[in-house]
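Remarks on the overall topology
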Amino acid sequence: MTAATPDHRLIDGRKVATDILRECKKYTEKQHALGRLVSICIGDVPETEVYVRNQARGAKHAGLPFEQVNWDANITQNEAKQVIQQMNNDASILGIIIQRPAPEHINIRSLQSAVHPLKDVEGMNPASIGNIVYSDVALAPCTAAASVELIKETGLTLEGLEVVMIGHSEIVGKPAAMMLMAEGATVTVCHHFTRSVAMHSRRADVVVVAVGIAGFLGPEMIKPGAAVIDIGINQIQDKNGNFKIVGDVQTEAVTEVAGWVTPVPGGVGPVTVAILIRNAIVAHKRQIAAGWIE
């Protein structure tokens, strides 16, 4: 196989994202008026620039208005909450996105709780996350939903599938596990207290890893033919002193054993943005059903 030939085992997240955005576009083209997505950055945070740019591009592809708002780094928690409340009441705003990181004095979780569930396109309000327990996954956290979408891309049947989730964060690991259970999968969640992660991961049909450790998952930790979903984003320095982005998986080595692997970059990331846009479509439908908009 030449270097120019795509490896069939690498799941193309960009293609999956394009398909999702195309479906969103079919919906927006039939609407006479659409509110805008508002993406809020607090202070000067260069880390958010790429993500916001990708959000804006995704919204454009889907035919959704998008606005980036920059708040002063010195804004108080109460001031921020008051502005969010005003946005909740503004019919011209379809959804609210709060970028991370934020200044230390800002409690992001509290701000996410202030976003009305019907405008919570990130799926980060406790009500949105809680709904997953009842198998209402329509407005789920975007990265968690992206991981489920990529598993579906393999063609594997989720019912009865043995899945090991490595990492149990509130925004990825836990909601992803609940979403997979809602689809009928059998899910084991591993974390830093798990005695032998490999003991669990080697029996899984699918391994989802989100631990923030570059190269954590090696080929010896999976069974042949398994699907591996890499949610990690880590910046490392190569032997030439150049910085590059890698995931939590030893992609090249794992590809020799796995049936499917998501690359980093180009795997979960693009799909996460597309899910955000799809959540906005769901939010629009629910706002109509609630009588907020016509």
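In what follows, the accompanying structure is described. (Residues numbered from 1 in each chain as written. Predicted model: local features only at pLDDT ≥ 70, side-chain atom pairs only at ≥ 80, totals over all residues. Heavy atoms only, no water.)

This part covers the overall build of the protein. In terms of helices and strands, the protein carries 10 helices and 10 strands. Taken over the C-alpha trace, the protein has a radius of gyration of 19 Å; the compact-globule value for 294 residues is 19 Å, and the two agree within 12%. Viewed in the frame of its principal axes, the protein has a C-alpha envelope of about 55 × 40 × 40 Å. Counting over 294 residues, the protein shows a buried share of 49%. Within the protein, contacts between residues separated by at least 24 positions form 70% of all contacts whose residues are at least 6 apart in sequence. (Helix = DSSP H or I, 4+ residues; strand = E, 2+ residues; numbered from the N terminus. Rg over C-alpha atoms; globule rule 2.2 N^0.38 Å. Buried < 20%, exposed > 50% of the residue type's maximum accessible area, 1.4 Å probe, protein only. Contact = heavy atoms within 4.5 Å.)

This part is about helix α7 (residues 173-182). Listed in full, the buried residues belonging to α7 are G173, P175, A176, A177, M179 and L180. Buried residues along α7 sit in contact with α5 (126-133), α6 (142-153), β4 (162-166) and β5 (186-190). G184, located one to two residues past α7, shows a positive phi value of around 95°.

Our focus in this paragraph is the environment of I97. Tracing the sequence through the fold places I97 in strand β3 (residues 93-98). Judged by relative accessible area, which is 0%, I97 ranks as buried. Put simply, I97 and V121 are 24 residues apart on the chain and 6.9 Å apart in space, counted from C-alpha to C-alpha. For I97, the residues in contact, after removing those within four places along its chain, are V38, S39, I40, Q55, F66, V121, E122 and L276.

Let's shift gears to the pairing of β5. The sheet contact formed by β4 and β5 spans 5 bridges and is parallel. Each residue of the ladder has a partner; that of M165, found in β5, is V189. After leaving β4, the chain enters α7 and then returns to the sheet as β5, a path that is right-handed. (Pairing = 2+ DSSP bridges. Right-handed = clockwise from strand over helix to strand, strands pointing away.)

Each strand in a sheet pairs with another by means of backbone hydrogen bonds, the pair being arranged parallel or else antiparallel. Ordered by their spatial adjacency, 3 strands build an open sheet running β2-β1-β3, and the pairing between neighbours is parallel. The open sheet terminates on both sides in strands that have one partner only, identified here as β2 (66-71) and β3. Shown here is a sheet whose adjacent strand axes are inclined to one another by a mean of 25°, direction ignored. In this sheet, β3 lies alongside strand β1 (residues 36-42) in parallel orientation, the contact comprising 5 bridges. In the strand pairing of β3, V38 is matched with I96. Helix α3 (residues 77-88) rests against β1, β2 and β3 of the sheet, and its axis sits at about 155° to β3. Packed on one face of the sheet, helix α10 (residues 268-289) meets β1 and β3 and runs near 140° to β3. (Axes fitted to C-alpha atoms, helices over the stretch in contact; angles between N-to-C directions.)

Before going further, it helps to spend a moment on unusual backbone geometry. Cis peptide bonds are those with omega within 30 degrees of zero, and the linkage from R100 to P101 qualifies with 5°. Along the chain, P101 turns up in the loop between β3 and α4 (108-114). Cis geometry is adopted by the peptide bond preceding P265, which originates at V264 and carries an omega value of 0°. Relative to the helices and strands, P265 resides in the loop between β10 (260-261) and α10. The backbone of S135 shows a phi angle near 65°, a positive value even though the residue is not glycine. Topologically, S135 is positioned in the loop between α5 and α6.

So, about the side chain of Q99. Relative to the helices and strands, Q99 is located in the loop between β3 and α4. At a separation of 2.7 Å, a polar atom in the side chain of Q99 contacts the side chain of S39. When residues no more than four places from it in sequence are discounted, the contact partners of Q99 are S39, I40, C41, T48, Y51, V52, Q55 and I108. (Polar contact = N/O pair within 3.5 Å; in protein donor to acceptor, adjacent residues only side chain to side chain.)

Turning to the pattern of salt bridges, a few remarks are in order. A complete count under the given rule lists 11 salt bridges for this structure. In this structure, the salt-bridge partner of R36 is E67, at a minimum N-O distance of 2.5 Å. Linking R36 in strand β1 with E67 in strand β2, this pair joins segments that are 31 residues apart in sequence. Taking relative accessible area as the criterion, R36 reaches 25% and is therefore assigned partly exposed. Accessibility expressed as a relative area gives 31% for E67, which makes it partly exposed. (Salt bridge = Lys/Arg side-chain N within 4 Å of Asp/Glu carboxyl O.)

All right, on to α3 then. With 12 residues, α3 extends 16 Å from end C-alpha to end C-alpha; this agrees with the ideal 16 Å at 1.5 Å per step. Within α3, the full set of buried residues consists of Q77, A80, I84, M87 and N88. Summarising the axial view, the buried residues of α3 lie within an arc of 100°, below the 170-degree limit, and thus occupy one face. In α3, the exposed positions that point more than 90 degrees away from the buried face belong to N78 and Q86. Buried-residue contacts for α3 involve β1, β2, β3 and α4. (Expected span 1.5 Å × (residues − 1). Arc of directions from axis to C-beta.)

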